[in-house]
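Residues per chain, in single letters:
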Amino acid sequence: MDIQRLEKGIEDGVAAMAACYQRFDPTAYLQYNYTPPRADFGRQDSIVPWKLECLHRAFTEGDVRGELLVDVGSGPTLYQVLSGCEVFSRVLLTDFLEVNRQELRRWLQGQGGSSLDWTPYLQHVCKLEGRRPSAWTEKAARLRLVVSDILPIDVHRPRPLASDALPSAGADCLVSCFCLESVSPDLAAFTRALVHIRGLLRPGGHLLLIGALGESYYLGGPGVRIPVVPLDEAQVCASLKESGYTLIRLEVYTLPQDMRVGVDDVSGVFFVKARRD
């Protein structure tokens, strides 16, 4: 009976999180988090350039390689695959919400109507790669070429993707940014989600994980307050170990005061490079 009650509690918590996301507004979310000051490419201490630098370094160190990169919980953003699209010949984007998948499709189909101009992001990553900023058009074309699909995902299911979505061996690399802690009702659910996505990854494959530290909520649109599992570094490391990953590197960014713009209560951001055991 206790196990049944526990399982019912887990299901209720996950259902409550899913209900929160029905009012998620991709355009507002992008405006809150992916414009200055959080996305100021002229500042060394701006959060978005820090994330792009972490991802660039991870994707160019030589050990993260293969055919297939899967982005777990893409949301309405593309920045997290701008470096990886040069390394992998196939990229799969995923999200729980159809509104986010629609946002990604609008940019990938190149027909206009995208809620954010990704050009400064493309230019910045080109500079990180030692290319001229004007090469951003080549990078945009490369990304559109290698993204093979945009699929629904549910990280709370033991099999988060449809059974035929991946080759039997699994993906060579997973990237996931601000997803797991933002869709989990508690730390145990966050850890279980890490276990579930581990099943998408081949043995020895890499996980690149970016997430919030000390965050209890964020705004997913005007008046849409979404609860988040407030994590610290020790909890992130313990959850990874418990879920069957070996930590390679953990980096931490602390938000300057002027980056705390009232759309969340995040105190920092972590970047993890790990390998599936």
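Scroll up to find the structure this text is about.
All values derive from a computational prediction rather than experimental measurement.

Conventions adopted
- Residues numbered from 1 in each chain as written.
- Predicted model: local features only at pLDDT ≥ 70, side-chain atom pairs only at ≥ 80, totals over all residues.
- Heavy atoms only, no water.
- Salt bridge = Lys/Arg side-chain N within 4 Å of Asp/Glu carboxyl O.
- Buried < 20%, exposed > 50% of the residue type's maximum accessible area, 1.4 Å probe, protein only.
- Helix = DSSP H or I, 4+ residues; strand = E, 2+ residues; numbered from the N terminus.
- Contact = heavy atoms within 4.5 Å.
- Phe/Tyr/Trp six-rings, centres within 6.5 Å; stacked < 30°, edge-to-face > 60°.
- Lys NZ or Arg CZ within 6 Å of the ring centre and 35° of its normal.
- Polar contact = N/O pair within 3.5 Å; in protein donor to acceptor, adjacent residues only side chain to side chain.
- Pairing = 2+ DSSP bridges.
- Axes fitted to C-alpha atoms, helices over the stretch in contact; angles between N-to-C directions.
- Parallel < 35°, antiparallel > 145°, perpendicular 65-115°, else oblique.
- Nonpolar A, V, L, I, M, F, W, Y, C, P; charged D, E, K, R; others polar.
- Core = buried A, V, L, I, M, F, W, Y, C linked by side-chain atoms within 4.5 Å.

**Comments concerning the pattern of salt bridges**
- Going through the model one piece at a time under the given rule, you end up with 20 salt bridges.
- Here R131 makes a salt bridge to E129, at a shortest N to O gap of 2.9 Å.
- Judged by relative accessible area, which is 26%, R131 ranks as partly exposed.
- Here E129 falls in the partly exposed class, since its relative accessible area comes to 24%.
- Between R132 and E138 there is a salt bridge, with the nearest N and O atoms lying 3.2 Å from each other.

**Some details on helix α5 (residues 119–128)**
- Along α5, the residues classified as buried are T119, Y121, L122, H124, V125 and C126.
- Looking at the buried positions of α5, the neighbouring elements they touch are α3 (47–60), α4 (98–108) and α6 (136–146).
- Immediately downstream of α5, the backbone of G130 shows phi near 80°, a positive value.

**Re the packing of aromatic side chains**
- For the structure shown, the criterion picks out 10 aromatic pairs.
- Seen in terms of ring centroids, F24 and Y29 are 5.3 Å apart; in terms of plane orientation they differ by 45°. Their pairing is tilted. Y29 shares its class with F24; the two are buried.
- When the centroid spacing of 4.8 Å and the interplanar angle of 65° are considered together, the rings of W118 and Y121 count as edge-to-face. Taken as a pair, W118 and Y121 share a single burial class, namely buried.
- Three or more aromatic residues joined by ring pairs make a cluster, and in this case those are Y21, F24, Y29, Y34, F41, Y79, W118, Y121 and Y218.
- When the ring centre of W107 is taken as reference, the NZ or CZ atom of R144 above it lies at 3.8 Å.
- Here the guanidinium or amino end of R225 rests over the ring plane of Y217, the centre of that ring lying 3.7 Å away.

**Thoughts on the side chain of T94**
- Among the structural elements, T94 can be located in strand β2 (residues 90–95).
- For T94, a relative accessible area of 0% translates into the label buried.
- Engagement of the side chain of T94 in a polar contact is seen with the backbone oxygen of D71, the distance being 2.7 Å.
- Not counting chain neighbours up to four residues away, the residues in contact with T94 comprise V70, D71, V72, G73, S74, G75, L151, I153 and L161.

**Some thoughts on the sheet that holds strand β4 (residues 171–177)**
- What the 7 strands build is an open sheet, ordered β3-β2-β1-β4-β5-β9-β8; its pairing is mixed. With one partner strand each, in any of the chains shown, β3 (147–152) and β8 (245–254) form the two edges of the open sheet. Going across the sheet, the axis of each strand differs from the next one's by a mean of 15°, ignoring polarity.
- Relative to β2, strand β1 (residues 68–71) runs parallel, the two being bridged by 4 bridges.

**Concerning the packing of α5 against α6**
- Between α5 and α6, the shortest axis-to-axis distance is 9 Å and the interhelical angle comes to 105°. Between α5 and α6, the interaxial angle falls into the category roughly perpendicular. Residues T119, L122, Q123, V125 and C126 of α5 touch α6, and the partners they reach there are W136, K139 and A140.
- Of the residues that constitute the contact of α5 with α6, the class distribution is 5 nonpolar, 2 polar and 1 charged.

**Considering the nonpolar core**
- Ranked by size, the top nonpolar core spans 88 residues in total, and within it Y121 and I197 carry the most contacts.
- A per-element tally of this core places α3 first, with 8 residues.

**Observations regarding the pairing of β1**
- Side chains L68 and V70 of β1 all project onto a buried face; the interleaved residues L69 and D71 project onto the opposite face, where all are buried too.
- In this structure, β1 lies alongside β4, joined through 3 bridges in parallel fashion. Bridged to L69 within β4 is C173.

**Things to note about the environment of G42**
- Positionally, G42 belongs in the loop between α2 (26–33) and α3.
- Assessed through its relative accessible area of 71%, G42 is described here as exposed.

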